[in-house]
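Understanding the architecture of this molecule
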Amino acid sequence: MNLKKTQKFLNFTIFVILTVIEIYRTFKIGYPPIFSPFDSLLLLTAVFAIISGLMETGIAGTILSIFLTIPLFFLPHSIKEIPPIIRTPLFIIHVTSAMVSYAIFLSLSVIALFDLKKKNLTYKKSLLLGFLLFSVSMVIGGIWAYLAWADLFPFEPKSLFSLFLWFYTAFLLHVETDKTFKEFKHYFIAAAGGFVLFSFFGINFLFGGTHGF
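Residues numbered from 1 in each chain as written. Predicted model: local features only at pLDDT ≥ 70, side-chain atom pairs only at ≥ 80, totals over all residues. Heavy atoms only, no water.

**Considerations on the overall build of the chain**
- Within the chain, the regular secondary structure consists of eight helices and zero strands.
- Helices and strands in the chain line up, N terminus first, as α-α-α-α-α-α-α-α.
- Here the C-alpha atoms of the chain give a radius of gyration of 17 Å, agreeing with the 17 Å that 2.2 N^0.38 yields for 213 residues.
- Residues counted as buried form 46% of the 213 residues belonging to the chain.
- Considering only contacts in the chain between residues 6 or more positions apart, those separated by 24 or more positions represent 76%.
- With an accessible surface of roughly 11200 Å², the chain has 74% of that area assigned to carbon and sulfur atoms. (Helix = DSSP H or I, 4+ residues; strand = E, 2+ residues; numbered from the N terminus. Rg over C-alpha atoms; globule rule 2.2 N^0.38 Å. Buried < 20%, exposed > 50% of the residue type's maximum accessible area, 1.4 Å probe, protein only. Contact = heavy atoms within 4.5 Å. Areas by Shrake-Rupley, 256 points an atom, 1.4 Å probe, with all protein chains shown as cover.)

Here it is as C-alpha cells:
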C-alpha cells in the first residue's frame, strides 16, 4: 500500500469510527447529541476526515485528522438530556452545514499551505461550495435564534466572528478572479484554516454567549 492510499485509508478509518460513535450516542439519547463540546468536535473531526481524504490533502490532512481526535479523549463524554431548545431540525441543519463548511475550508487551507511555491491550483468550486454551506448555516442559525430568543442575530462572540468569517470567505471567492490579489490567494486561503480553528476552539471553548461550551 503506497503512502497516498495509506493516507486515504487512515482518513476513512477515522471517519467510520467516529461516525459509529456518533450514531451510537444518537440512538442512546434518541436525538443527535451535537450540542456538547465532545459531540461537536466528534462531528467536525469525522466530517473533516472524510472530506480531507476526498480532497486529497496529503499527509498534512491525515495528521490534522489525528490531531483533532486527541481532545476527544479528554473531554467529558457523558450523554445528558438535550434541552428542548435544541430539539429542532433547524439546529441540526445549522450545525451540520457549519461543520461541513468548516471541513472544506480546513482542507483547502492544508492544500494551499503545500502549494505556496507552485501557485497553480484553483480553489473556486470548493470555495463556492464551502461558502454556500456556511451561508445556509448562517441563515438557518438566524431563523433558529429568532424562534429561540426572538433575536435574528445575537451579539455575542461566536455570532460576530462567524459574520467576519462569512465576509472573509466571500472575499476568498473574489480573490480567485481578481488579478490584484490572485498572486496571494494561497496565503489568504491558508489563513482561513486558522480562522476556522479559532472559531471552533477559541470562541466555543473560551468565550461565553449562546455558542459557548
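Picking up after the structure, the text goes on.
**A few points about the side chain of Asp39**
- The topology assignment puts Asp39 in helix α2 (residues 37–54).
- Judged by relative accessible area, which is 2%, Asp39 ranks as buried.
- In terms of polar contacts, Asp39 uses its side chain to reach the side chain of Arg25, at 2.6 Å.
- Apart from the residues lying within four places of it in its own chain, the contact partners of Asp39 are Glu22, Arg25, Pro33 and Ile34. (Polar contact = N/O pair within 3.5 Å; in protein donor to acceptor, adjacent residues only side chain to side chain.)

**Some words on a nonpolar patch on the surface**
- Residues Leu3, Ile59, Ile63, Leu113 and Phe114 make up a contiguous nonpolar surface patch of roughly 520 Å² in combined accessible area.
- Structurally, the position occupied by Ile63 is in helix α3 (residues 59–69). (Patch = residues over 30% accessible without salt bridge, like charges linked within 9 Å, V, L, I, M, F, W, Y side chains within 5 Å. Salt bridge = Lys/Arg side-chain N within 4 Å of Asp/Glu carboxyl O.)

**Focus on the pattern of salt bridges**
- Per the stated rule, a full pass over the model turns up two salt bridges.
- Among the ionic pairs, Lys8 bridges to Glu56, the shortest N-O distance being 3.1 Å. In this pair, Lys8 is assigned in helix α1 (residues 3–29) and Glu56 in the loop between α2 and α3, connecting sequence segments 48 residues apart.
- Among the residues examined, Lys8 registers a relative accessible area of 36% and is labelled partly exposed.
- We note a salt bridge from Asp39 to Arg25, for which the minimum N-O separation is 2.6 Å. Of this pair, Asp39 sits in helix α2 while Arg25 sits in helix α1; the two residues are 14 residues apart in sequence, bridging distant segments of the chain.

**So, the packing of helix α4 (residues 89–113) against helix α5 (residues 124–149)**
- The interhelical angle for the contact between α4 and α5, taken along N-to-C directions, is 150 degrees, at an axis separation of 8 Å. As far as their axial angle goes, α5 and α4 are roughly antiparallel. At the point where α4 passes α5, the crossing takes the left-handed sense. (Axes fitted to C-alpha atoms, helices over the stretch in contact; angles between N-to-C directions. Parallel < 35°, antiparallel > 145°, perpendicular 65-115°, else oblique. Left-handed = near helix turned anticlockwise from the far one by under 90°.)

**Notes on the environment of Phe164**
- Turning to its location among the elements, Phe164 is positioned in helix α6 (residues 157–175).
- Phe164 sits in the partly exposed class, given a relative accessible area of 35%.
- Distance in space between the C-alpha atoms of Phe164 and Phe131 is 13 Å, their sequence separation being 33 residues.

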